[in-house]
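# Summary of the model geometry
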Amino acid sequence: MAAIFYAGDSTVKFNKIATYPQTGISQAMLWYLKDSVDMKSFAQNGRSTKSFLDEGRLSHIEREMKQGDFLFIQFGHNDEKDDAERHTDPETTFPENLLRFIDAARDKGAYPVLITPIARRLFNNKGDFLPGSHGAYPDAVRRTGKKEGVPVIDLTAITEAYLASVGDLASKAYFMWPGDNTHLKPEGAVLMAGFLCQELKKLGSPYSALLEDGILVEENEGLDVS
């Protein structure tokens, strides 16, 4: 049985009833995965690559991960924070930390997958979507993936294009709005996990083999995700 080990932050976390309706991408992915695939979500609220590593969370993954498994790596929301416990530099320490995750997967014979952070739901008073809320971090993920030959699923570009297309009002249904334009409701988590799984299907084997039949890859065609 293949397992997905998912390292990330609160947008990824597998939530329980105490935080309902907040829902993370890792739990929404269960709708799309084959029954034989085990989801092991290690994502936690507020974590950056630095704090995740400092707390030994990657070490826990390494103890369980085996050959043929997958390590999904999705950070950025908290690496941008100014505090010393979490902040990383997108030019230096952030890609260096990403490489530690990649090496951990490769050392175990697992498949690393880099995923850029989902966009924040930010609009101006005219209703225009405001892209770029993650600064240089998504591009750092893209560069690292290219340099290391690791697949990159660019959820930043996909979700920015989607939010711009549906607009301010409609996008509120997907987030913990009002007051929270970062975390997802169940509908938003299923949507974002769907985007992720569409991209996994495009990658082909072995990534597409994780997925239930019937996942369409054309649903976000026409969106500018360049």
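It should be noted that the structure appears before, not after, this text.
Residues numbered from 1 in each chain as written. Predicted model: local features only at pLDDT ≥ 70, side-chain atom pairs only at ≥ 80, totals over all residues. Heavy atoms only, no water.

Moving on: the pattern of salt bridges. All chains considered together, the criterion is met by 15 salt bridges. Close ionic contact of Lys 50 with Asp 54 constitutes a salt bridge, the shortest N to O distance being 2.8 Å. Of the two residues, Lys 50 and Asp 54 both sit in helix α2 (residues 49-54), four residues apart, roughly one turn of that helix. You can call Lys 50 partly exposed: its relative accessible area is 27%. Here Asp 139 ties to Arg 143 by a salt bridge, and the two come within 3.0 Å at their closest N and O atoms. (Salt bridge = Lys/Arg side-chain N within 4 Å of Asp/Glu carboxyl O. Helix = DSSP H or I, 4+ residues; strand = E, 2+ residues; numbered from the N terminus. Buried < 20%, exposed > 50% of the residue type's maximum accessible area, 1.4 Å probe, protein only.)

In this structure, Ile 25, Met 29 and Phe 72 are the most contacted members of the largest nonpolar core, which totals 39 residues. With eight residues, helix α7 (residues 186-203) is the largest single contributor of residues to this core. Grouped together as the second largest cluster of nonpolar side chains are 24 residues, Met 65, Phe 75, Ala 104 and Leu 114 included. (Core = buried A, V, L, I, M, F, W, Y, C linked by side-chain atoms within 4.5 Å.)

This part is about the pairing of strand β1 (residues 3-7). With five of its five residues buried, β1 lies for the most part within the structure. Where burial is concerned, the two faces of β1 agree: the one with Ala 3, Phe 5 and Ala 7 and the one with Ile 4 and Tyr 6 are both buried. Bridge count between β1 and strand β3 (residues 70-74): four bridges; the pairing is parallel. Paired with Phe 5 across the two strands is Leu 71, which belongs to β3. (Pairing = 2+ DSSP bridges.)

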